[in-house]
Amino acid sequence: MPRPHFPLTIMEFQERFATEEACRDYLFACRWPDGFRCRRCGGGEVGAMHRRRAVWQCKRCGAQTSVTAGTVMHKTRTPLRLWFWAAYLVATHHPGISAVQLQRQLGIRRHETAWMLLHKLRRAMVAPEREPLKREVEVDEFFLGGVEEGHEGRGPGAKKTLCGVAVEVRGRGSGRVRLATLEDASWNSLGSFVKATTSTGAIVHTDAWRGYLPLAKAGFDHRPRSQRAAVGEEPYLPRAHRAISNLKAWLHGTHRWASQEHLQAYLDEFTFRHNRRGNPHAAFRTLLGLSTVHEPSTYREIIDELPRAA
Ligand SMILES: [Zn+2]
């Protein structure tokens, strides 16, 4: 049996996943693309049961498997259709979508539900591909947040956060991107960032900041360059700078404001979108946790990460 077909248009999506049953069938096909196989006894005959809870029982040994186990939807009380729509919108809406937009578009009554859906889906954006960047990479650090229009002196966002960006050089264009918040601009922070994102031996372009100097000793082909030497040469770290300005435009345009505490989650979302340009089905599956198993995250866990209201 081939992989389940993925709708390319919103009309097709609406028809394809019109009911809870259609969503469960899709999950079933994702879990057992070659037909049902019991994890315990290897039996291939399934007696459909608890369809409401998307739990299937093996006809031979009675073992039960939930098609949502290991996915972001496990033990959810939110309808699968809502999850599917949220993941579809997040995956295909290129600039991304805010909790407020999601709530409006899906007619979700409680803002908390929309917010939780979005944050759970974002969790899947953290480690979709941990394959390190290769060959040639531009690395830079930059500040995010701080005082912006309409946010003067308000809330937790008044402080600026240092972030690191690493972008693969692919001809004249950009390959994959990695982003992370950094403690400071010391070798300790910058070195950890480069080591975590880039394979040893790669060419690493940076500016001449001394925090990058030990890179050569750490096994990278380090090519530092002074910003002043850039006259007449090709632009200075062009891919890193393009990624930074795209990120800032995206953060400002879509989310208006990213709170300090969740900044890394927004960086992950940007990375996810950048690295998955042009493959909505892969994005959709990853978001729902259908391609990788993720630690479960509950609303309580997410809420506990929030700072106490001021
Ligand atoms: Zn069995």
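Starting afresh in each chain, residues are numbered from 1 along the sequence in its written order. Owing to the predicted nature of the model, reporting of local features is limited to residues with pLDDT of at least 70; listing and counting of side-chain atom pairs is limited to 80 or more, with chain, interface and lining totals taken over all residues. The basis for every side-chain value is the complete set of non-hydrogen atoms in the structure, without hydrogens or water.

S.K.: Mind showing me how you'd approach the coordination of the zinc ion here?
M.R.: In an ideal tetrahedron of four donors about a metal, each angle is 109.5 degrees. In an ideal octahedron of six donors, the angles are 90 or 180 degrees. Metal donors were taken as nitrogen, oxygen and sulfur atoms no farther than 2.8 Å from the ion, or 3.2 Å where the ion is Na, K or Ca. Water is excluded, so coordination may look unfinished. Around the zinc ion, the donor atoms from the protein are Cys-38 (SG), Cys-41 (SG), Cys-58 (SG) and Cys-61 (SG), and they sit 2.3 to 2.4 Å away. Each donor residue of the zinc ion belongs to the same chain, with the gaps between them written as C-x2-C-x16-C-x2-C. One end of the pair, Cys-41, is in the loop between α2 (20-31) and β1 (46-48); the other, Cys-61, is in the loop between β2 (55-58) and β3 (64-66), and 20 residues separate them in sequence. Under the DSSP-based scheme used, a helix requires at least four consecutive residues in state H or I and a strand at least two consecutive residues in state E, with every element numbered from the N terminus.

S.K.: In this structure, what is going on with the pattern of salt bridges? I would like to understand it.
M.R.: Oppositely charged side chains may form a pair once their charged atoms are brought near each other. Any Lys or Arg side-chain nitrogen located within 4 Å of an Asp or Glu carboxyl oxygen qualifies as a salt bridge. The tally for this structure, following the rule as stated, stands at eight salt bridges. For the salt bridge of Glu-131 with Lys-134, the shortest nitrogen-to-oxygen distance reads 2.6 Å. Asp-221 is paired through a salt bridge with Arg-223; the nearest N and O atoms lie 2.9 Å apart. A 1.4 Å probe rolled over the protein chains alone gives each residue an accessible area, and that area as a share of the maximum for its type sets the label: buried under 20%, exposed over 50%, partly exposed in between. Look at Asp-221 and you get partly exposed, because its relative accessible area is 31%.

S.K.: Quick question: what am I supposed to make of the sheet that holds strand β5 (residues 160-170) here?
M.R.: Adjacent strands of a sheet form backbone hydrogen bonds with each other and so pair up, either parallel or antiparallel. Two strands qualify as a pair provided that DSSP identifies no fewer than 2 bridges between them. The strand order across the open sheet built from five strands is β6-β5-β4-β7-β8, with neighbouring strands paired in mixed fashion. Strands at the two margins of the open sheet, each flanked by one partner only, are β6 (173-181) and β8 (221-225). Geometrically, the sheet is characterised by an average inter-axis angle of 25° between neighbouring strands, direction not taken into account. Between two residues, a contact is recorded if the distance between any of their heavy atoms is within 4.5 Å. Under this scheme, a helix contributes an axis fitted over its contacting stretch, all axes are lines through C-alpha atoms, and angles between N-to-C directions fall in the 0 to 180 degree range. Taken strand by strand, helix α8 (residues 263-275) contacts β4 (136-145), β5 and β6, and its axis lies near 165° from that of β6.

S.K.: Would you mind going over the nonpolar core with me for this structure?
M.R.: The nonpolar side chains of soluble globular proteins are, as a tendency, buried together. Put simply, buried Ala, Val, Leu, Ile, Met, Phe, Trp, Tyr and Cys residues joined by side-chain atoms within 4.5 Å make one nonpolar core. Counting 47 residues, the largest nonpolar core has Tyr-26, Met-73, Trp-83, Phe-84, Leu-121, Phe-284 and Leu-288 as the members making the most contacts within it. With 19 residues, the next largest nonpolar core counts Ala-240, Ala-243, Leu-247 and Phe-270 among its residues.

S.K.: Can you help me understand the pairing of β6 in this one?
M.R.: Two faces make up the sheet, and in a regular strand the side chains alternate between them. With respect to burial, β6 is a largely interior element, seven of its nine residues being buried. Here β5 pairs with β6 via seven bridges, running antiparallel. Bridge pairing in β6 links Ala-166 to Arg-178.

S.K.: Mind showing me how you'd approach the packing of α2 against helix α3 (residues 80-92) here?
M.R.: The axes of two packed helices give the description: the angle between them and the distance between them. With their axes 8 Å apart at the nearest point, α2 and α3 run at an angle of 65° to one another. Overall, the two elements α2 and α3 adopt an arrangement that is roughly perpendicular. The crossing of α2 and α3 is left-handed. Between α2, through Glu-20, Cys-23, Arg-24, Tyr-26 and Leu-27, and α3, the contact on the second element is made entirely by Leu-80, Arg-81 and Phe-84. Any angle between 65 and 115 degrees counts as roughly perpendicular, while under 35 counts as roughly parallel, over 145 as roughly antiparallel, and the rest as oblique. Here a crossing is taken to be left-handed if its near helix is turned anticlockwise relative to the far helix by less than a right angle, and right-handed if that turn runs clockwise.

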